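Reading the structure
Each chain, letter by letter, is given below.
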Amino acid sequence: MAKRRIRILLAKPGLDGHDRGARVLARSFRDAGFEVIYTGCHQTPEQIVATALQEDVDMVGLSCLSGAHNYLYPAVAKGLQENGAGDIVVVGGGIIPEKDIPPLKAAGLKEIFTPGATLDSINEWIAANVTPKE
Amino acid sequence: MKELGKRVLAGDIRAASRLIRNLEDQITDTYIAIQEIFKETGKSHVIGITGAPGAGKSTLTDELIAAYRKQDKTVGVLAVDPTSPFTGGALLGDRIRMLRHAEDPGVFVRSLATRGAMGGISKAVGEGIHVMDVLGKDKIIVETVGVGQQEVEIINHAHTVIVVLVPGMGDEIQALKAGLMEIADIFVINKADREGAGKLYKETMNMVQMSRDKYGVSKGWVTPVLLVESVLEPHKFAESVEVLRDKIDEHYQFLIDNNLISERMRRKTAAEITEAIWGSVLAPVLEQLETSGEMKRMIDRCLLKETDPYSLAEEIAQRFMKQRPGTS
Amino acid sequence: MFTQELLDKSSLMRKKWEDEVKKVIAKNPDQKPEWSTVSSLPINRIYGPEDIKDMDFEKDIAYPGQFPYLRGNQATGYRGKYWTFRMFAGMGTAVETNKRWHYLLTTGQTGLSTAFDFPTLMGYDTDSPKAKGECGKCGVAIDTIDDFRDLIKGIPLDKITTSMTINPPATALWAMYCASAQEQGIPLTKIGGTIQNDMLKEFIAQKTLMCPPDPSVKLISDTIEFGTKYVPKWNTVSISGYHIREAGATAVQELAFTLRDGMEYVEDVIKRKGLHVDEFAPRLSFFFNSHIDFFEEIAKLRAARRIWAKAMRERYNSQDPRSWWMRFHTQTAGCSLTAQQPYNNVVRTATEALAAVLGGTQSLHTNSLDEVLCLPSDHAVQIALRTQQLIAEETGVANTIDPLAGSYFVEALTNEVEAQAWEYIHKIDEMGGMVAAIEKGFPQMELSDAAYKFQKQIDAGEKIMIGVNKYNVEDEVVDIPIVEIDDSVEVEQLKRLAETKRKRDSRKVAECLKDLAGACKKGENVMPYCIEAVKNYATVQEICDVYREVYGEYRDPGIY
């Protein structure tokens, strides 16, 4: 049997257009051997959930720099759970204040990457923590 | 995920996407799910969209989805992007143009990477079409990679093939000469406001005419050349894509009226059988040679000139053909 | 620049020096093999007369106030007036931002600058489903002229200039400013300020998107035309490199894409509006980033003035020296700041501010040390503002004009940056202009390439960010007070908007919007219709929805 290839949805919920991080990550994921779908800016949580289901991804990476992460990130995690896709790993990144991290994790985000995380460290985390469910 | 086939038949989107993925990942036993759905296939109209990178295929697909949704037709899209030959990773960037349809239950977009396949599509496209088909999609659009000019594989899977050309790319006519001419059922000159669109239109018309002179009209269908406005003029763009939509449907009706559908179906089925045999017979053999280390030894022997690739192939054929494929 | 005799002598001396260098590095090798700017522009060990020997003093350097304005537009430099200390501020509701503005004016700030929240920036009202969770978070929420009146309460519009960082809905917000001024009895000819109103850089970098490029440029040309005729002291466009740089561009890319954007606007106004270049060009303003590489930034800003002056005179046959002047605002680089050891950001910002001043900026925003973590606190803003005041009044760098002119290195680097920028500009010309280049994804891809390359350099330790990849502190506890916007702001703003919608004459609003749509379809200038609409309480989104309907909506094509 051939090996499963990890599929990742990289999404930018919310209205901000600060996509430098997302664009850099998309390339980094490709170079790490993952299949990446990037949504571009300005997606609603509902669009992200629908896309994750249609694309059968193993992980959804969220990037939002407008300060609305406390609403948007949990909305994506909840949407996936409600659609029977709670097994999809959801992670988030950006300028996330320390105190927001525990509630985000309680809402279903598996990891929060804050400024300073290297590309390699993120890729290694994915390789170690994201396995496609059979 | 269990009972994939049944779940797909029940309309489960994620199961459908997973089934396509099992085909991509070459998971054993995937054929069981295909067995379950195969009887229900053959109802959808399959549209192939091909053309060079930057020709605007995804944007055109996006607008075509909108045009079909206006008529309440459901649409499935298989969008193929290239796999990086160096890392095995892929940026699947087509669907970004189609995200406005993300929440529309009448639209299902699935991105695929080529995973090294030649010919501009993924090996999973054939079965991916079946999956979309049993989900009840009226129209299935397959968007090819668009990297090379040899993207003729699509002809084996689509009823209607659209070749998208765009002025100012320089090598359009070369592409036509290289084989795209023969596979087009409809030509689209995209970004028709650009400089050179008129010239490209004339040249394409000439090519169509020449090919008619050479081969005669293909059972009565005259390949049309349509101009599509730039997406930067959204209203005009939408209108010209609606004209394209109607032309696509006209072509499908033409195939039906002239009993040409079965011909295309035979071609598609032959391609699928070939693909299936490749997956069931050849792939396991290659994998076994790889994992057992025999491939490496064979390479060494060839380099030492102890033998040659053709003799080795003969040897392998002798050995494996006696056994049931995939076991050993 | 130099006599042959001097060059010959220098050449001999240089040879001697090079021999000495070879000897030394044979024993003590350099710390690293290659030395380059943060943008990876290679830098030599030393520069001498031979590096600038082809320069012509009269043609290439001259004096301030003289073509090609390398050394500044104003003959008196900062002696007549320092640059404008303009700190960007905005948060929560209009009432709160107004309070912050009054506070800033008491601390010695000399100009106002508005940050809007994301729904306002994108042309959505607070009650749009798309706005959920975003209200007031990154700036002030403005839905109607009611909010705008609160925003400018007690601000003398004829004395204080206000800059508004607003792009797709710029016509609507500027209309509110104009209408409010009229209500206060101040004629439009007396008000001054800036709207950013630069859509090309949005397609390239910041992705605040509404309509396709061509109608977006049309709306900008409308404002330029309206400003030229009725609001002559207003800067109707602030052609911005800041965001291009933040999105990953190199210094050269920032310079080239920004100036080429400027040329695109100039060409459009000439073509579409039939104005002579000198009727409007004097009011064009620019906005650059000042990044951490000190000399590269100084070179970039000096080169910017020279390129623009040449382009205006040679490409567009401008006769009026005021059109040749490049006037610009500068902001220190947000992307150079680190969340780690955030107090270091004060030093970064000070260095960048100094570069901006030595580059001759007319206006400056200095980032607060906490901006990488949250909205700036009052205390952090004060330090940032004091940084500017300190540079102006303590360091003595403003004593003389363009003190680095004539430096072999600075002049050579300025020439290099300019030459590379022209290369990009000509390349974009060949593509058919900036709109065409954007359509091809050219500048977008250049930025993505540069951003990815830089991140890889950081990860590999080839470029250094203190606290990120060198001198890190394990288990660092960041003790910065975090400013947060309460979700009650959204509730409050929704109430305000509902109240305005309730009390307005909705038939009149519909009429105004219909007239605006008609103007769009006929290609008329939209500004008078916008002013009429906002006076009748049309919302920002209602106006933008007209544009989306008539011109079509543009979504991020996600080029990366």
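**Observations regarding the overall build of chain A**
In terms of regular secondary structure, chain A is built from 5 helices and 5 strands. Reading the helices (α) and strands (β) of chain A from amino to carboxyl end gives β-α-β-α-β-α-β-α-β-α. For chain A, the C-alpha radius of gyration of 14 Å lies close to 14 Å, the compact-globule estimate for 134 residues. Principal-axis analysis of the C-alpha atoms gives chain A an extent of 45 × 30 × 25 Å. When contacts within chain A are restricted to residue pairs at least 6 apart in sequence, those whose partners lie at least 24 apart make up 71%.

**Thoughts on the overall build of chain C**
A tally of helices and strands in chain C yields 22 helices and 9 strands. A compact globule built from 560 residues should have a C-alpha radius of gyration of about 24 Å, and chain C, at 24 Å, falls within 12% of that. The principal-axis extent of the C-alpha atoms belonging to chain C is close to 85 × 60 × 45 Å. Here chain C, with 560 residues, has 52% of them falling under the buried criterion. Partitioning the intrachain contacts of chain C with sequence separation of at least 6 by distance along the chain shows that 77% fall at a separation of at least 24.

**What about the sheet that holds strand β3 (residues 90-92) of chain B?**
The sheet built from 6 strands is open, its strands ordered β5(A)-β4(A)-β3(A)-β1(A)-β2(A)-β3(B) with parallel pairing. Where the open sheet ends on each side, the last strands, each with one partner, are β5 (111-113) of chain A together with β3 of chain B. Averaged over neighbouring strand pairs, the angle between their axes works out to 25° when direction is ignored. Of the strand pairs in this sheet, strand β3 (residues 59-63) of chain A and strand β4 (residues 89-93) of chain A are connected by 5 bridges, and their pairing is parallel. Of the residues in β4(A), the one forming a bridge with A:G61 is A:V91. Helix α3 (residues 69-82) of chain A contacts β3 and β4 of chain A of the sheet and is inclined by roughly 170° relative to β4(A).

**Points about the interface of chain A and chain C**
Counting from both sides, the interface comprises 28 residues of chain A and, opposite them, 32 residues of chain C. Elements with a contribution of two residues or more to the side of chain A that touches chain C: α1 (20-31), α3 and α5 (119-129) of chain A. When residues of the side of chain A that touches chain C are assigned to their parent elements, the largest contribution, 5 residues, is made by α1(A). Looking at side-chain class alone, the side of chain A that touches chain C contains 12 nonpolar, 10 polar and 6 charged residues.

**Examining the nonpolar core**
Ranked by size, the top nonpolar core spans 267 residues in total, and within it A:V36, A:V60, A:V76 and C:C530 carry the most contacts. Those residues within four positions of A:V60 in sequence are excluded, and the remaining contacts are A:L9, A:A11, A:I48, A:A52, A:V76, A:I88 and A:V90.

**Quick look at the interface of chain B and chain A**
Between chain B and chain A, the residue contacts involve 28 residues of the former and 28 residues of the latter. Elements supplying a minimum of two residues to the side of chain B that touches chain A: α2 (13-24), β3 and β4 (107-113) of chain B. The residue makeup of the side of chain B that touches chain A, split by class, is 12 nonpolar, 9 polar and 7 charged. Examined bridge by bridge, strand β2 (residues 35-38) of chain A and β3(B) share 3 bridges and lie parallel to one another. Bridge pairing links A:I37 to B:L92 in β3(B).

**Focus: helix α9 (residues 261-291) of chain B**
Residue and element names in this part refer to chain B. Under the 1.5 Å per step criterion, the end-to-end length of α9 is 43 Å for 31 residues, consistent within 8% with the ideal 45 Å. If you look at α9, its biggest bend is around 35°, right at L282, and the proline P284 turns up within four residues after that. Positive backbone phi, approximately 85°, marks G293, located one or two places after α9.

**Some words on the environment of A:Q81**
Looking at the secondary structure, you find A:Q81 in helix α3. With 32 residues separating them in the primary sequence, A:Q81 and A:V49 have C-alpha atoms 9.5 Å apart.

**A look at the domain arrangement of chain C**
Residue and element names in this part refer to chain C. In terms of domain boundaries, chain C breaks down into domain 1 (57-460) and domain 2 (489-551). In this structure, domain 1 and domain 2 have C-alpha centres spaced 28 Å apart. Listed by contribution, the elements that provide at least two residues to the side of domain 1 that touches domain 2 are α5 (145-151), α6 (170-183) and α8 (213-230). For the side of domain 1 that touches domain 2, the class distribution of residues is 18 nonpolar, 10 polar and 7 charged.

**Regarding helix α5 (residues 125-134) of chain B**
All names here are of chain B. Of all 10 residues that make up α5, 10 are buried, and the element is covered over most of its length. What α5 keeps buried is the set V125, G126, E127, G128, I129, H130, V131, M132, D133 and V134. One or two steps after α5, the chain reaches G136, where phi turns positive at roughly 90°.

**Topic: the sheet that holds strand β1 (residues 84-89) of chain C**
All names here are of chain C. Spatially, β5-β4-β3-β2-β1-β9-β8-β7-β6 is the arrangement adopted by the 9 strands of the open sheet, whose pairing is parallel. Every interior strand has two partners, whereas the edge strands, β5 (234-235) and β6 (238-240), have only one. Where strand β7 (residues 285-290) and strand β8 (residues 327-332) come together, 6 bridges link them in parallel fashion. Considered in β8, the bridge of N289 is made with Q331.

**Focus on unusual backbone geometry**
Here the residue pair C:F67 and C:P68 is connected by a cis peptide bond, since its omega of 5° sits within 30 degrees of zero. Structurally, the position occupied by C:P68 is in the loop between α2 (57-61) and β1. Within the chain, A:H42 stands out as a residue other than glycine whose phi angle is a positive 70°. By the element assignment, A:H42 lies in the loop between β2 and α2 (45-55). Positive phi, close to 70°, is recorded for C:S40, a residue that is not glycine. Inspection of the secondary structure puts C:S40 in the loop between α1 (4-27) and α2. Residue classification places C:S40 among the partly exposed positions, given that 16 C-beta atoms sit within 10 Å.

**A closer look at the pairing of strand β5 (residues 139-143) of chain B**
Residue and element names in this part refer to chain B. Across the 5 residues that make up β5, a large majority, 5, are buried. Of the two faces of β5, the one carrying K139, I141 and E143 and the one carrying I140 and V142 are both buried. Relative to β5, strand β1 (residues 45-51) runs parallel, the two sharing 5 bridges. In the strand pairing of β5, G48 is matched with V142. Relative to β5, strand β2 (residues 75-81) runs parallel, the two sharing 5 bridges. If you follow V77 over to β5, its bridge partner there is I141.

**Observations regarding the packing of α2(B) against α5(B)**
Residue and element names in this part refer to chain B. Running from amino to carboxyl end, α2 crosses α5 at an angle of 165°, the nearest separation of the two axes being 9 Å. Between α2 and α5, the crossing angle belongs to the class labelled roughly antiparallel. When you trace α2 past α5, the crossing you get is right-handed. On α5, the residues touching A16, L19, I20 and L23 of α2 are E127, G128 and V131. Within the contact of α2 with α5, the residues separate by chemical class into 5 nonpolar, 1 polar and 1 charged.

**Examining the environment of A:G17**
Positionally, A:G17 belongs in the loop between β1 (7-11) and α1. The spatial distance from the C-alpha of A:G17 to the C-alpha of A:I48 is 16 Å, given a sequence separation of 31 residues. Excluding its chain neighbours within four sequence positions, the residues that come into contact with A:G17 are A:C41, C:Q206, C:K207 and C:T208.

**Remarks on the packing of α2(A) against α2(B)**
Between α2(A) and α2(B), the least distance of the axes is 6 Å, while the angle of their chain directions is 40°. With respect to α2(B), the axis of α2(A) lies oblique. Of the residues in α2(B), those touching α2(A) at A:L53, A:Q54 and A:E55 are B:I13, B:R14 and B:S17. Of the residues that constitute the contact of α2(A) with α2(B), the class distribution is 2 nonpolar, 2 polar and 2 charged.

**Here's the deal with the pairing of β8(C)**
Look at any regular strand and the pattern is simple: side chains alternate between the two faces of the sheet. Residues and elements named next belong to chain C. Burial within β8 is extensive, with 5 of its 6 residues counted as buried. Relative to strand β9 (residues 363-365), β8 is paired through 3 bridges, and the arrangement is parallel. By the bridge assignment, H329 is partnered in β9 with S363. After leaving β8, the chain enters helix α14 (residues 344-358) and then returns to the sheet as β9, a path that is right-handed.

Cut-off values and rules
Residues numbered from 1 in each chain as written. Chains lettered and ligands numbered in written order. Predicted model: local features only at pLDDT ≥ 70, side-chain atom pairs only at ≥ 80, totals over all residues. Helix = DSSP H or I, 4+ residues; strand = E, 2+ residues; numbered from the N terminus. Rg over C-alpha atoms; globule rule 2.2 N^0.38 Å. Contact = placed C-beta atoms within 7 Å. Buried ≥ 20, exposed ≤ 12 C-beta atoms within 10 Å, placed from the backbone. Pairing = 2+ DSSP bridges. Axes fitted to C-alpha atoms, helices over the stretch in contact; angles between N-to-C directions. Nonpolar A, V, L, I, M, F, W, Y, C, P; charged D, E, K, R; others polar. Core = buried A, V, L, I, M, F, W, Y, C linked by C-beta atoms within 7 Å. Expected span 1.5 Å × (residues − 1). Bend = angle between axes of the 7 residues up to and from the residue. Domains from an automatic or database assignment. Parallel < 35°, antiparallel > 145°, perpendicular 65-115°, else oblique. Left-handed = near helix turned anticlockwise from the far one by under 90°. Right-handed = clockwise from strand over helix to strand, strands pointing away.

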